[in-house]
Amino acid sequence: MRWSDARNRTKARVRSKVEWPFRILKRVFGFVKVRYRGLKKNHEWLCAAFAAINVYQHRKRLARINQRLAPQGA
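1. Some details on the packing of aromatic side chains
And then number 1: Here the structure, examined in full by the defined rule, presents 3 aromatic pairs.
And then number 2: Both rings, one in F29 and one in Y56, keep their centres 6.2 Å apart while their planes meet at 70 degrees; by these two values the pair is edge-to-face. With a gap of 27 residues between them, F29 in the loop between α1 (3–27) and α2 (39–57) and Y56 in helix α2 connect regions that are remote in the sequence.
And then number 3: On the basis of relative accessible area, F29 is assigned to the partly exposed category, the value being 30%.
And then number 4: When its relative accessible area of 30% is taken as the criterion, Y56 is described as partly exposed.
And then number 5: Plain terms: the ring middles of F31 and W45 are 4.5 Å apart, the flat faces sit at 20 degrees to each other, and that makes the pair stacked. One end of the pair, F31, is in the loop between α1 and α2; the other, W45, is in helix α2, with 14 residues separating them in the sequence.
And then number 6: Residue F31 is classed as buried on the basis of its relative accessible area of 14%.
And then number 7: Assessed through its relative accessible area of 21%, W45 is described here as partly exposed.

Reading the values: the criteria
Residues numbered from 1 in each chain as written. Predicted model: local features only at pLDDT ≥ 70, side-chain atom pairs only at ≥ 80, totals over all residues. Heavy atoms only, no water. Phe/Tyr/Trp six-rings, centres within 6.5 Å; stacked < 30°, edge-to-face > 60°. Helix = DSSP H or I, 4+ residues; strand = E, 2+ residues; numbered from the N terminus. Buried < 20%, exposed > 50% of the residue type's maximum accessible area, 1.4 Å probe, protein only.

Put into structure tokens, the structure is as follows:
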């Protein structure tokens, strides 16, 4: 493998990790167009959406943690 191929592979790995949350934002949460007038409102909505994306991406791990912490008889 040439040096440039290795460098491009590294770039592609980083790019895919960065672009994946934006895919979730568009496909799952439907943020394809800005909703509000003004930068502040859109920025606040975007921050809340990325917080929801973090929960969405880790939902299986959070469910396992919740299962361990939940009482068995309840």
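Resuming the write-up.
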